Amino acid sequence: MDAKLDLLQGTLDTMVLQTLTVMGQMHGYGIARRIEQVSGNEILLNQGTIYASLVRLQQRGWITAEWGVSENNRSAKYYAITRAGRKQLEKDAAYWHRLTVVMGRVLKMTIGEI
Amino acid sequence: MSGTLRRAMQRTMAIFHKGKIDAELDRELKTHIDLAVDENLLAGMSPKEARRKAMIQFGGVQQAKEKHYAVRGFPLVDVLIQDLRFALRTLRRDMGFACIAVLILALGIGANIVVFSVVNTILLRPLPFADSQQLVWIAPPNSGHDLSGSTYSADAYEDYKSMNRSFSGLTAYYAFSLPDNLKMMENGVLKPLTGIPVAGNFFQVLGVQPVMGRSFNDLETRTGGNVIVVSHSFWQRDLGADINIIGKPVTMNNTPFTVIGVLPETFDFGAVFSPGEKVDVFAPQNMDNIRNEGNTLAFIGRLKQGVTLQQARADATELFQKFYSNKKYANSLGVYKGRGYPVYLKDYVSGSLQRSLIVLWCAVGTILLIVCVNLSNLLLARAATRTKEFALRISLGAGRVRLVRQLLTESLVLSSCGALLGLGIAYAATAWLSHQGSIALPLISSMHVDAAALGWTVLLAIAVGLLFGIAPGLKMSSGNLHESLKDSGPGTSEGRKHERLRTVLVVSEVALACVLIVGAGLLLRSFLHVLDIDLGFKPASAAAIKVDYNDGGDMVKRAAILQNIQERVDQIPGVTFAGFSDNLPLERNRGWDGPLVKGKSYPPNYDHGAYIYIISPGFIPAMGMRVHGRDLNWSDGPKSELVMIINKKCASDLWPGEDAVGRVTSFQGKDVRVVGVVDDLHESNVEGVSGWQVYLPMTQGDWGPEGSELVIRSATPVTGLSLPVLKTLQSINAGQAAAPLRPIQSIVDHATSPRRFFAILVGIFATLGLVLASLGIYGVISYTVTRKTQEIGIRMALGATRERVQRDVIVNTLQMALTGLVLGSVVSIAVAREIRSMLYDTQPGDPATFAGTVLLLTAVAAVAGYLPARRASRIEPMRALRND
């Protein structure tokens, strides 16, 4: 099996925001599992690191947290995205789209194009 | 931006809510694992396998927590808190050391805060008026304490006010009001008050807004009138802080006055213009009433925007020659030529104190340096015993920077505790000083520990902590690891480097103390010389009280009343002499053109000013003055020949080498015979020289006494006479205000109080410096002996005698002390030159002071060295060698 992808700085925050946008309220474990599944298990994610990301997003006011009860009756902290968070996600998404396009172009570069 | 701010807030909060947040995180992580286990179980794993898999997926729990910390708080702050905790723990373990260090620091820092408060109050802070930098004081250059010579007439005031181009406002106050010149009935007792008449625009020009009511209007400014503006403290104390006081009448001197305004608490007339006195009420001065009184007004102006002091001076020079003393007399034109010289009000109020205050500041700064040196010493000694601990910590991987930081944290904790305690001391000291009415320093009554002083304290705490902490800190962390671990601690002498640093500390301590003691010695000797000055009168066992009487302006009636009072008071047991004067020496004074020799021709416009005292018989012996010729007597009446008493200086200037008694002078257009000559009186200040003085009878010549002070000389302690004297006076006149006798000594003390204040403060600092320095020397020597126990043991085992060991320690101490003394003396000579102008009758190189200082410090060093030396000589060789 190939080595898993290392997460680039700041990408995890964007993934968390996107996950919350799509899935609505979620607990830390749910978010982590969701990201793993969507990435097709290609990302090297220590699930624990998600909590640093969550507290950072909370401090910036992009997500909120409250305690709730999970479907199998465990009390868990549920996170939801805020309006400021959605705005930030739009910006981040646009940035990533531009970056991938540019990266794609640069990497397709051949001798002829110089 | 607000996001950044919020994050910072939340991060800060996170530090304080650490426990709660941690617990919540633990709960959340536990849920996470549980959910993962649940899912794995559903997938069909065994419970054990499910948990193992969940943990792997999670990664390290501890790492997740650490990351969480890093994001949510400030890791640096965490470390700082850790350092602080550690420092406190270490210090608690060594309580004795910590207490001594904090106490020494508190004394040093406390003294510094007090002096800073004094300097800040008098020198640094602007005067308590709006835009006070624009205010100027106008008086003849170098007019000093001569009140008539530094004031102007009402006509000059009005001309200057209308003609000047420099001021947006010119105002004046009546400078000849005496303290306690009014009386008010309060609870059945007549209570004395002090009132000052001011020009109507006085408060506008100073920029003082009444907190209630208003100040004087145009009509009151022109015609005077029975309206008063009262000081805040008077309103609180005597008017019961009545918030409806405006418009109400207050009866003073049997006349109803309407209160029209209450001044703000920050306005204290006495603090600025007559230090040490309080003024209760202000009335508008009607200029017409004082037009014939000559010089009575002190001038204050507010510079127009953009006008410089130089321009105002040029303007004044040009204008003052056009003013009249009194427009009724054409020949009074030009008397003020060259006598108008504006200076900044601030300079007038505190300029003369600048040097003294800076000296005080330097002295207290020196104390702080000594404190730092002492603590450096203590810390070094302590550090030495901890060498091994630190070496061990370094070898276990602690960074040197971290160790230095740890040590600095310790010293900063010490200095902060010291500063806190010092702040307490300073609060008490400033509160006490500001309530000492007897200190005649301007603005001192408004002194308190303010924001600036708090800022200064923080600055001092940090600077001091770094200063005394840095040397031990660096030394500690830079030591040779190998050596330290190998070194067996106490027993052998340390390397030369160690020794040298400690020698430098002792030498500098002695040098600093030397400078302090020389400075204090010079100031103290000056003060003693000032106390020894022959004032021309004997203040001891004499006292004064202001006496009210009503003679209706009739001289014969006045003589009868005064003679009656004098006879009645004379009968009180203990009273030896009693007599009246309108002015007392060192208080209010008044100058007129002096007497001239009758029949001698003088150049036109010749005049020589003289201080005038209008007195009754008995005043001169009551003041303890010696008279050659005769005293005045009650038969010197309106019908008899005009007589006067003059002082020696006046007599010898008028009739050099001849006896003045019996000669006739031409004085104020009249022939007056000299019947007595008295010693020169220090009429206006203790340290200056006397001018001409003339004593005139109250009962003759219509000289017009301005008020009357009864002076009593007594064989018994004066204070015991207060009650009987007051009773007698009240039995004669029910309108006599109830006030205690004022000892004449208190008037002299008031006049010398600034010098006393500085001499005593510098004296206290010098004593403190001496004690600290001796403690420092003792500490170092004692520590050195302890360190050398083993070495001394070996030397004694090899045959060194006790005397030899003892002598070596003492000689070593004295060598250091002498080096310090030589250095200190050199600096002292320079310092003494700088403070030359503050000395009285004392040379900057005063041999007694220098010799005394050298002897004192040598003796202190000898004692500080002797105690450890004795201990050294008692060392038992065998025990020392066995001892580890």
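Residues numbered from 1 in each chain as written. Chains lettered and ligands numbered in written order. Predicted model: local features only at pLDDT ≥ 70, side-chain atom pairs only at ≥ 80, totals over all residues. Heavy atoms only, no water.

What follows is about the overall build of chain B. The secondary structure content of chain B amounts to 28 helices and 24 strands. For chain B, the C-alpha radius of gyration of 38 Å lies well beyond 29 Å, the compact-globule estimate for 884 residues. Dimensions of chain B along its principal axes, counting C-alpha atoms only, are 130 × 85 × 55 Å. Taken across its 884 residues, chain B has 52% of its residues classed as buried. At a minimum sequence separation of 6, the contacts of chain B that also span at least 24 residues come to 81%. For chain B, the exposed area adds up to about 40200 Å²; of that, 60% sits on carbon and sulfur atoms. Here chain B contributes 88 positive and 74 negative side-chain charges, whose respective centroids are spaced 10 Å apart. (Helix = DSSP H or I, 4+ residues; strand = E, 2+ residues; numbered from the N terminus. Rg over C-alpha atoms; globule rule 2.2 N^0.38 Å. Buried < 20%, exposed > 50% of the residue type's maximum accessible area, 1.4 Å probe, protein only. Contact = heavy atoms within 4.5 Å. Areas by Shrake-Rupley, 256 points an atom, 1.4 Å probe, with all protein chains shown as cover. Lys, Arg positive; Asp, Glu negative; His and termini not counted. Charge placed at Lys NZ, Arg CZ, Asp CG, Glu CD.)

Next up on the list: the side chain of Thr752(B). All names here are of chain B. Its location among the elements puts Thr 752 in helix α24 (residues 744–787). Classification of Thr 752 as buried rests on a relative accessible area of 4%. Thr 752 has contacts with Phe 527, Val 530 and Val 686, leaving out every residue within four places of it along the chain.

In this complex, chain B contributes 23 residues to the contact, which on the side of chain A involves 26 residues. A combined buried area of about 2400 Å² lies between chain B and chain A, and 51% of that area is made up of carbon and sulfur atoms. Sorting the residues of chain B by area buried against chain A places Glu28(B), His32(B) and Leu35(B) first, and these three jointly supply 25% of that buried surface. Our enumeration of links across chain B and chain A arrives at four salt bridges. Glu39(B) is the partner of Arg33(A) in a salt bridge, and the nearest nitrogen-oxygen pair spans 3.2 Å. Our enumeration of links across chain B and chain A arrives at 12 residue pairs in polar contact (both at pLDDT 80 or more). Contributions of two or more residues to the side of chain B that touches chain A are made by α1 (2–16), α2 (18–42), α3 (47–58) and α4 (61–72) of chain B. Top contributing element to the side of chain B that touches chain A by residue count: α2(B), with 11 residues. Partitioning the side of chain B that touches chain A into residue classes produces six nonpolar, six polar and 11 charged. (Buried area = accessible area lost by both parts, 1.4 Å probe. Salt bridge = Lys/Arg side-chain N within 4 Å of Asp/Glu carboxyl O. Polar contact = N/O pair within 3.5 Å; in protein donor to acceptor, adjacent residues only side chain to side chain. Nonpolar A, V, L, I, M, F, W, Y, C, P; charged D, E, K, R; others polar.)

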